[in-house]
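Survey of secondary and tertiary structure
These are the residues of each chain, in order.
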Amino acid sequence: MRKYLAITILGTLMACAATTPKTTLDANEAKIDSLIRLMTLEEKVHMIHACSNFNSGGVSRLNIPELVMSDGPHGVRPEQNTNATKSEKENDYATYFPTGICLAATWDTSLAHQMGMVLGSEAKARGKDIILGPGVNIIRSPLNGRNFEYLSEDPFLNSELAVKYIQGVQCKGVSACVKHFAANNQEVNRDKVDVIVSERALREIYLPAFEASVKRGDVNTVMGAYNKVNGQYATHHAYLVNKVLKDEFGFKGILISDWSAVKHAKEALLNGTDIEMGTDLSQKKPDYNAFYMADSAIQFVKSGEVDEKVIDEKVRRILRIMLKTKLSGNNIQGEINTKEHQQIARKVAEEGIVLLKNENILPIESKKYRKILVVGNNAVYKQSMGGGSSQVKALYEVTILEGIKDVAGQATQIEFVEGYKPTKDLSFDKALAQNAVNAASKADLVIFVGGWIHNFDMSVWGGTAFDMEGQDKSDLKLKYGQEDLIKQISEVNPHTIVVLIGGSNVEMKSWINQVPAVLMAWYPGMEGGHALANILFGNINPSGKLPMTFADTHLLYPSHSVGEFPGKDNVVHYNEGIYVGYRYFDKQNVETLFPFGFGLSYTTFKLSDLKVTKEGENVVAQCKVQNTGSREGAEVVQFYVASKGSSIDRPVKELKGFQKVFLKQNEIANVKVVMDKRAFEYYDEQSKSWTLEPCSYEIQVGNSSQNIELKQSIKL
Ligand code: BGC
């Protein structure tokens, strides 16, 4: 299979710069102090707010440059700066990766690192200092319009991928910006909503990816969220920013506000916001001095209401990151739109697409199915410029139809009919549907490509785009008549494969038993068409696993059945507490369609020989995995921890380790994960600390949260 060859080649091409030595960092602190002493108050304040829509201020007198930012998270965004040159605006194409949720579905941390390196390199080539990603907000409800940008419902999977992504970006001399801190789990009312959430849920579910990004990823910047958390705006939150992020996690970098997230001058100054961006002053030509942390900050210091040291601390953080990156004197050169970058984008899609159902039809045997009909607007729809701030101007985007045509081989006849198309009122076109059903009855096999779309151009979609910033879905029902269309097509042609595009699942119960195969392709990026076709025709063996539970309707998810979404009167109660995603479905025994961690392969694997031992404070779990099927492929071995006989309310089990293993036919590999103390602890709200309860813990190993094959207990 081509994939294995590709991995080796890529491995030798991309190099990662070493991290800054401690001695240099210490020397930098001294430089920073002397620079700050040279600065006037006005110059300092100029550095802590925007000076254009994506830059924050510099001090030319002292050769301190502006900080240049760009979205993020799955490609460098087309040029947004109003002062960009014509050539910068024309040459703003970039590699368009599969979106966050597809990366998460790979469960491949080395791929997250490679994707980060490409993003860092491309940001560098485009003259950016910070790329605004990764997005690590927990997938709390399947309706969140930005789930496609985020990673998972599970904090551990989130953390592992975020750390590698960040390290990849930052080894290219560019800062990552982990966002949105914190509990930004819906788009409706995102700038007003007050999230009422328990401290335990914050610590165990919503904060771990930020904690890991700081402590292990050494992330340079964090973006504060729009929403309030327990009564205060997250971007200037005394507890979240000052105490937790900066004091406890030890974050030494820059807390950047989300665009227009600062709502109060003094709170922002005192509660940890370091750079204020995007404040909407509703003026054609923004007056940056009117930002909350601009002229009013100068006044507060002059009147003695705010100590100048508060401003110094923000400037210190900014200079610290500049000296670590753009002023470090390193000579890292960026590269953009290379073949190698595009191959990594393809690899993410090939590993992230999830095979949900396959009853003896995939991979497609070209000899058996000569006439293939592709149905559905999503087979030809280009997604790269959709979704909001994460849009990317892709150099090219291989659609699903193009991918299928390229990969199928000349002997196969590929025909396309649209079947349905997006409409403003969500209605469907009878004639298009009928045409598709007629064509399907004459084909040997049908590939239906549907699901969600996202598009930023509201004038085209009139608010009917899904998976996009600023809005959430109302439910998980397929739109534009797709559900009926799948049913009708599969009635006339039993060889109907359904491919879904989107940042979440759709309701499938009414048709899933009628079709032999279903794949979740997410938003698979610029090489998505090739990746999907490679899976359909068997050049690539699928290995993606769901990073979120697929239940049949949104009403089954805890955010809707126990908690609230999107809340009332600008308040949303996270009543479900720590029971998010599979933690809830497991605990309440609620049936799901496809569980967290699930995904099929064209081969089979066997897990055996679990050994669990204590090594100091750590627990080490090891087992064997063998490819027992007829072709090479990859398995994600998942390690869950289940506390037994605990007196505390705890989830049935929690993911605490995983490893993706690539195996040839019959090959066996040893898998080893090391779980530290935290893997067994819970957050005790009384003592306000992580606590280990002495009891028995079962290590459960499987290839989904519902398919546990090995178990062993250990007493701690
Ligand atoms: C989004 C951020 C983004 C910023 C800049 C905001 O609306 O929430 O994720 O980075 O805009 O485009």
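Worth saying up front: this structure is predicted, and the values here are computed from it rather than measured. (Residues numbered from 1 in each chain as written. Predicted model: local features only at pLDDT ≥ 70, side-chain atom pairs only at ≥ 80, totals over all residues. Heavy atoms only, no water.)

Before going further, it helps to examine the overall build of the protein. Tallying secondary structure elements over the protein gives 21 helices and 25 strands in all. A compact globule built from 716 residues should have a C-alpha radius of gyration of about 27 Å, and the protein, at 25 Å, falls within 12% of that. C-alpha extents for the protein along the principal axes are approximately 80 × 65 × 55 Å. Split into buried and exposed, the 716 residues of the protein put 64% on the buried side. Contacts in the protein between residues at least 24 apart in sequence constitute 76% of all its contacts with a sequence separation of at least 6. About 25,500 Å² of surface is accessible on the protein, with carbon and sulfur atoms providing 49% of the total. For the protein, the distance from the average site of its 81 positive side-chain charges to the average site of its 84 negative ones is 3 Å. (Helix = DSSP H or I, 4+ residues; strand = E, 2+ residues; numbered from the N terminus. Rg over C-alpha atoms; globule rule 2.2 N^0.38 Å. Buried < 20%, exposed > 50% of the residue type's maximum accessible area, 1.4 Å probe, protein only. Contact = heavy atoms within 4.5 Å. Areas by Shrake-Rupley, 256 points an atom, 1.4 Å probe, with all protein chains shown as cover. Lys, Arg positive; Asp, Glu negative; His and termini not counted. Charge placed at Lys NZ, Arg CZ, Asp CG, Glu CD.)

We now examine helix H18 (residues 482-492). Turning to H18, its buried residues number three or more, namely Gln482, Glu483, Leu485, Ile486, Ile489 and Ser490. Angularly, the buried residues of H18 cover 160 degrees about the axis, an arc narrow enough to put them on a single face. Structurally, H18 contributes buried residues whose contacts are with strand E11 (371-375), helix H16 (430-442), strand E13 (445-451) and strand E14 (496-501). (Arc of directions from axis to C-beta.)

What follows covers the packing of aromatic side chains. For any pair of aromatic rings, geometry is given as the distance between the ring centres together with the angle between the planes. Inspection of every chain in the model, using the stated rule, returns 19 aromatic pairs. Relative to Phe658, the ring of Phe156 has its centre 6.0 Å away and its plane inclined at 90 degrees; by these criteria the two rings are edge-to-face. With a gap of 502 residues between them, Phe156 in helix H7 (residues 155-170) and Phe658 in strand E20 (residues 654-663) connect regions that are remote in the sequence. You can call Phe156 partly exposed: its relative accessible area is 21%. For Phe658, a relative accessible area of 11% gives the class buried. The interplanar angle of 35 degrees and the centroid separation of 6.1 Å between the aromatic rings of Tyr420 and Phe448 together place this pair among those described as tilted. With a gap of 28 residues between them, Tyr420 in the loop between strand E12 (413-417) and H16 and Phe448 in strand E13 connect regions that are remote in the sequence. (Phe/Tyr/Trp six-rings, centres within 6.5 Å; stacked < 30°, edge-to-face > 60°.)

When its domains are assigned, the protein resolves into domain 1 (2-82 + 92-324), domain 2 (339-545) and domain 3 (605-715). In this structure, domain 2 and domain 3 have C-alpha centres spaced 35 Å apart. Taken together, the two surfaces of domain 2 and domain 3 that pack against each other cover about 620 Å², and 41% of this comes from carbon and sulfur. By the criterion of area lost to domain 3, the three top residues of domain 2 are Asn541, Ser543 and Lys545, representing 69% of everything that side buries. (Domains from an automatic or database assignment. Buried area = accessible area lost by both parts, 1.4 Å probe.)

Right, let's get into the sheet that holds strand E5 (residues 194-196). Across the sheet, four strands lie side by side as E8-E7-E5-E16; this open sheet has mixed pairing. In this open sheet, the two edge strands, each paired with only one partner strand, are strand E8 (232-233) and strand E16 (571-573). Pairing between strand E7 (residues 228-229) and E8: two bridges, direction antiparallel. Paired with Lys228 across the strands is Tyr233, a residue of E8. (Pairing = 2+ DSSP bridges.)

Around the ligand sit 14 residues, and of these Asp71, Arg146, His180, Asp258 and Glu469 come closest. In the model, an oxygen atom of the ligand is placed 3.3 Å from a nitrogen or oxygen of the Arg190 side chain. Contact distances for the ligand include 2.9 Å between an oxygen atom and a side-chain N or O atom of Tyr226. With the chains in place, 94% of the 310 Å² that the ligand exposes on its own is no longer accessible. (Near = heavy atom within 4 Å. Polar contact = N/O pair within 3.5 Å; in protein donor to acceptor, adjacent residues only side chain to side chain.)

This part takes up the state of the cysteines. Taken as a whole, this structure holds one disulfide when the rule is applied. Each disulfide pairs two cysteine sulfurs, and for Cys16 the partner residue is Cys171, the sulfurs being separated by 2.1 Å. Taking the sign of the torsion about the S-S bond as the criterion, the disulfide between Cys16 and Cys171, at about -135 degrees, is left-handed. Here Cys16 is found in the loop between helix H1 (2-13) and helix H2 (22-38), whereas its partner Cys171 is found in the loop between H7 and strand E4 (175-181), with 155 residues between them in sequence. Relative accessible area serves as the criterion here: at 37%, Cys16 is assigned to the partly exposed category. (Disulfide = S-S within 2.5 Å.)

With antiparallel pairing, three strands are arranged side by side in an open sheet as E17-E18-E21. What marks the edges here is a single partner per strand, and that holds for strand E17 (605-615) and strand E21 (668-675). Across the sheet, the mean angle from the axis of one strand to that of its neighbour is 20 degrees, orientation sign disregarded. In the sheet, E17 pairs with strand E18 (residues 618-627) via nine bridges, with the strands oriented antiparallel. For Leu607, the partnering residue across the bridge sits in E18 and is Val625. (Axes fitted to C-alpha atoms, helices over the stretch in contact; angles between N-to-C directions.)

With six of six residues buried, strand E15 (residues 517-522) is to be regarded as a mostly interior element. Here E15 shows two buried faces, one formed by Ala517, Leu519 and Ala521 and the other by Val518, Met520 and Trp522. As defined by bridge partners, strand E10 (residues 354-358) adjoins E15 across four bridges and the pair is classed as antiparallel. Directly across from Lys357, in E15, lies its bridge partner Val518. Pairing of E14 with E15, which is carried by five bridges, proceeds in the parallel orientation. What sits directly across from Ile501, in E15, is Trp522.

Turning our eyes to something else, we now look at the confidence of the model for the protein. On average, residues of the protein score 94 in pLDDT, and 97% of them are at 70 or above. The low-confidence segment residues 1-12, where pLDDT is below 50, has 22 contacts with residues more than four positions distant or belonging to other chains. (pLDDT = per-residue confidence, 0-100.)

The next point concerns the pattern of salt bridges. Following the criterion strictly, the structure yields 47 salt bridges and no others. Between Lys660 and Glu351 there is a salt bridge, and its shortest N-O distance comes to 3.0 Å. Here Lys660, found in strand E20, pairs with Glu351, found in helix H14 (residues 339-352); they are 309 residues apart in sequence, far enough to count as distant. Judged by its relative accessible area of 11%, Lys660 is buried. Its relative accessible area of 0% is what places Glu351 among the buried residues. (Salt bridge = Lys/Arg side-chain N within 4 Å of Asp/Glu carboxyl O.)

Relative to the helices and strands, Gly403 resides in helix H15 (residues 400-408). The class of Gly403 is buried, set by a relative accessible area of 0%. Gly403 sits 286 residues away from Ser689 along the chain, and the two C-alpha atoms are 52 Å apart. Apart from residues lying up to four places away in sequence, Gly403 is in contact with Val398, Gly529, His530 and Ala533.

On to the side chain of Gln232, then. Mapped onto the fold, Gln232 is located in strand E8. Here the side chain of Gln232 touches Ala238 through a polar contact of 3.0 Å, landing on its backbone nitrogen. The residues contacting Gln232, other than those within four sequence positions of it, are Asn227, His237, Ala238, Glu267 and Asn271.

Inspection of the secondary structure puts Glu654 in strand E20. For Glu654, a relative accessible area of 7% puts it in the buried group. As a C-alpha pair, Glu654 and Lys664 span ten residues in sequence and 30 Å in three-dimensional space.

End to end, helix H6 (residues 109-125) covers 24 Å across 17 residues, agreeing with the expected 24 Å (1.5 Å per residue, within 8%). Among the 17 residues in H6, 13 count as buried, and that is most of the element. Phi turns positive one or two residues past the end of H6, at Gly127, with a value near 75 degrees. (Expected span 1.5 Å × (residues − 1).)

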